[in-house]
Amino acid sequence: QVQLVESGGGLVQAGGSLRLSCAASGLTVMHYAMGWYRQGPGKEREYVAVSMSGGITYYQDSVKGRFTISRDNPQNTVYLQMNSLKPEDTAVYYCAARFDSDNHYRHWGQGTQVTVSS
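Here's a quick rundown of the structure. Here the structure is a predicted model, which means the values were calculated and not measured.

**Examining the environment of L27**
Thought 1: Within the fold, L27 resides in the loop between strand 3 (18–25) and strand 4 (33–39).
Thought 2: Since its relative accessible area comes to 7%, L27 is described here as buried.
Thought 3: Between the C-alpha atoms of L27 and Q1, which are 26 residues apart in sequence, the distance is 8.3 Å.

Below, the structure is given as structure tokens:
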């Protein structure tokens with residue numbers, strides 16, 4: 001059974017930093033494209049970043065230069081380092097996994113809340 005468990009969310013002031021973790025079990029992270037999504041209050045879920053299985057990374061324009069996605073394959077864990085946080089980054093953040101060639105994500109975590117105060 002695949003499980004993706006996010007952690008590291010919390011309350012932070014604008015300009016602060018948080019590091020989210022996504023611990024995977026039941027799958028081997030190194031074989032998957034691992035993504036982060038978020039859903040803010042009253043908003044649709046949106047893409048944040050993805051780390052392809054080969055290590056190439058992509059970001060939503062609004063987080064470029066502030067967020068960094070990384071993976072620790074031996075630990076089977078993916079991270080999202082978030083710096084210079086803004087109130088508009090407030091959302092539930094989700095980790096997801098798919099194969100590089102998939103059009104949709106196969107597995108999702110339960111999410112972790114990030115709240116940025118102004």
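**Digging into the pairing of strand 9 (residues 91–98)**
Thought 1: The buried fraction of strand 9 is high, at seven of eight residues.
Thought 2: As defined by bridge partners, strand 4 adjoins strand 9 across seven bridges and the pair is classed as antiparallel. Along strand 9, the bridge assignment pairs R38 with Y93.
Thought 3: The pairing of strand 9 with strand 11 (residues 112–117) spans three bridges and is antiparallel. Note on strand 11: the bridge partner recorded for A91 is V114.
Thought 4: Taken together, the two bridges between strand 9 and strand 10 (residues 107–108) define a ladder with antiparallel strand orientation. In the sheet register, A96 faces strand 10, and the bridge partner there is W108.

**Things to note about the nonpolar core**
Thought 1: Among the nonpolar cores identified, the biggest contains 27 residues, and M34, W36, L80, M82 and Y93 are the most heavily contacted of them.
Thought 2: Mapped onto this core, the elements with two or more residues apiece are strand 3, strand 4, strand 5 (46–51), strand 7 (67–72), strand 8 (77–82), strand 9 and strand 11.
Thought 3: One finds A33, Y37, V50 and A96 within the second-largest nonpolar core, a separate group that totals six residues.

**A closer look at the sheet that holds strand 3**
Thought 1: The strand order across the open sheet formed by four strands is 1-3-8-7, and the pairing between neighbours is antiparallel. A strand with exactly one partner marks an edge of an open sheet, and here the two such strands are strand 1 (3–7) and strand 7. Averaged over all neighbouring strand pairs, the angle between strand axes comes to 15°, with direction disregarded.
Thought 2: As judged from the five bridges shared by strand 1 and strand 3, these two strands associate in the antiparallel manner. Pairing of S7 across the sheet is with S21, part of strand 3.

Each value, and the rule that gives it
- Residues numbered from 1 in each chain as written.
- Predicted model: local features only at pLDDT ≥ 70, side-chain atom pairs only at ≥ 80, totals over all residues.
- Heavy atoms only, no water.
- Helix = DSSP H or I, 4+ residues; strand = E, 2+ residues; numbered from the N terminus.
- Buried < 20%, exposed > 50% of the residue type's maximum accessible area, 1.4 Å probe, protein only.
- Pairing = 2+ DSSP bridges.
- Core = buried A, V, L, I, M, F, W, Y, C linked by side-chain atoms within 4.5 Å.
- Axes fitted to C-alpha atoms, helices over the stretch in contact; angles between N-to-C directions.

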